[in-house]
Amino acid sequence: DQAMLIVNPIATTVSTKAIGEIERILAERFAVDVRITEARGHATALATEAVDSGVGLVAVYAGDGTTNEAIQALSGSSTALAHLPCGSASALARMLGMGGNGPSAARRGIDPARQRREIDLGEVNGRPFAFTAGIGLDAAVVKLVDGDLEKKQRFRWTAFWLEAVRTARSDYFGADACMTVHSGTVEARAVTTVVQNAEAYTFAGPRALTIGRDVTLESHTLQATALQEGLRWVDVPGLTYRTRSRADADAHPRIMTLPASPGVTADCDRPTPTQPGGDTWTHV
């Protein structure tokens, strides 16, 4: 059997030693082709090459953004994905039970007792995502943090929280709603929206951060959570607490969680940053 190991060399915790260890582990079961990404979008091209060559497994040693790039090519194919975590959150790997350590995840990946698992994918304007898509604040924060590699590697998930507070203060406090979100028969106006395809929004270290709670990777539904207009400084502690605990986010007066449904639409009044699975682009 053949496997391609795609490595993002600038992911938060990647190391040459770990790459070698992962290659040795995968080689116990597969003929391994190690490929290094060179630019944004390169993982999609590499994964496409793997699918076209009939490779059975693409293992991605990277964060969620690079893994989502690979998913663009793997979606609908018979080539399996193994997310080997080394990013700030590596949320998909944790939700799939791969843990937070790349070599340990590789060991799980070659375990013959582990069964292949099929998961749902969401889609934003034709672009698949595995666990979440942020429209507005969330995407703006991902773009800014990804643009400061030193800060991201030093502070990891904390960098996202710090940037979220700064960006919310400058661009979202007191802002008018700029999008309409529909789920089933329910609609909401919002300044920013998170659409989930999985049970966690992201992770802070080992802790899952939750917003919507009525979807899983196999539920065949999506759930949107809308932050409505009028956000203030006084709202930040409550929003932070509800995201980091099991408290009901929908009880906060600025939050509306729409019912889970097979499809969610978000119609934006103007071009709005969007991030599907940690991979930033722009939704119009």
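For the structure, check the block above.
Residues numbered from 1 in each chain as written. Predicted model: local features only at pLDDT ≥ 70, side-chain atom pairs only at ≥ 80, totals over all residues. Heavy atoms only, no water.

Caption draft 1: Quick peek at the packing of helix α1 (residues 16–26) against helix α5 (residues 102–109). Here α1 crosses α5 at 10°, and the two axes come no closer than 9 Å. On the basis of their axis angle, the class for α1 and α5 is roughly parallel. For the pair α1 and α5, the contacting residues are Ala18, Glu21, Ile22, Ile25 and Leu26 in the first and Gly102, Pro103, Ala106 and Arg107 in the second. (Axes fitted to C-alpha atoms, helices over the stretch in contact; angles between N-to-C directions. Helix = DSSP H or I, 4+ residues; strand = E, 2+ residues; numbered from the N terminus. Parallel < 35°, antiparallel > 145°, perpendicular 65-115°, else oblique. Contact = heavy atoms within 4.5 Å.)

Caption draft 2: Here's a closer look at empty space enclosed by the protein. A full pass over the atoms with the stated rule returns 1 cavity of 30 Å³ or more. The residue makeup of the lining of the largest cavity, split by class, is 4 nonpolar, 3 polar and 1 charged. (1 Å grid on protein atoms, 1.4 Å probe; cavity = no way out; pocket = protein on both sides within 12 Å on 5 of 7 lines; lining within 4 Å. Points joined across faces, edges and corners; volume = space filled by probe spheres on them. Nonpolar A, V, L, I, M, F, W, Y, C, P; charged D, E, K, R; others polar.)

Caption draft 3: Up close: the layout of surface pockets. Of the voids in this model, the second largest pocket is the one considered here, and its volume is about 930 Å³. Taken together, 30 residues form the lining of the second largest pocket, with Ala80, Leu81, Ala82, Arg116 and Arg117 sitting closest to its centre. Elements that contribute at least two residues to the lining of the second largest pocket include exactly α3 (64–74), β4 (80–85) and α5. Per element, the largest residue contribution to the lining of the second largest pocket is 4 residues, and it comes from β4. Broken down by class, the residue content of the lining of the second largest pocket amounts to 12 nonpolar, 10 polar and 8 charged.

Caption draft 4: Structural detail: the nonpolar core. Ranked by size, the top nonpolar core spans 34 residues in total, and within it Leu5, Tyr61, Leu84 and Met95 carry the most contacts. Taken together, the elements giving at least two residues each to this core come down to β1 (2–7), α1, β3 (57–62), β4, α4 (91–95) and α5. When residues in this core are grouped by element, the largest group, 5 residues, is from α1. Apart from the residues within four sequence positions on either side, leucine 5 is in contact with Ile19, Ile22, Glu23, Leu26, Val32, Asp33, Val34, Arg35, Ala59, Tyr61 and Leu84. (Core = buried A, V, L, I, M, F, W, Y, C linked by side-chain atoms within 4.5 Å. Buried < 20%, exposed > 50% of the residue type's maximum accessible area, 1.4 Å probe, protein only.)

Caption draft 5: Layout of the pattern of salt bridges. In this structure the tally under the stated criterion is 5 salt bridges. Notably, a salt bridge pairs glutamate 49 with arginine 35, separated by 2.9 Å at the nearest N-O pair. One end of the pair, glutamate 49, is in helix α2 (residues 42–52); the other, arginine 35, is in strand β2 (residues 31–36), and 14 residues separate them in sequence. The exposure class assigned to arginine 35 is partly exposed, which follows from its relative accessible area of 23%. Between aspartate 269 and arginine 189 there is a salt bridge, with its nearest N and O atoms 2.9 Å apart. Here the residue aspartate 269 occupies a position in the loop between β15 (264–268) and β16 (272–276), and arginine 189 occupies one in strand β9 (residues 186–190), the gap between them amounting to 80 residues. Given the relative accessible area of 49%, aspartate 269 is considered partly exposed. One network of salt bridges, with partners in common, ties together Asp33, Arg35 and Glu49. (Salt bridge = Lys/Arg side-chain N within 4 Å of Asp/Glu carboxyl O.)

Caption draft 6: Spotlight on the sheet that holds β2. Here 4 strands make up an open sheet; going across it, the order is β2-β1-β3-β4 and the pairing parallel. Sheet topology places β2 and β4 at the edges, where each strand pairs with a single neighbour. Neighbouring strand axes in the sheet, compared pairwise and without regard to direction, differ in orientation by 20° on average. The pairing of β3 with β4 spans 6 bridges and is classified as parallel. Within β4, the residue paired with tyrosine 61 across the bridge is leucine 84. (Pairing = 2+ DSSP bridges.)

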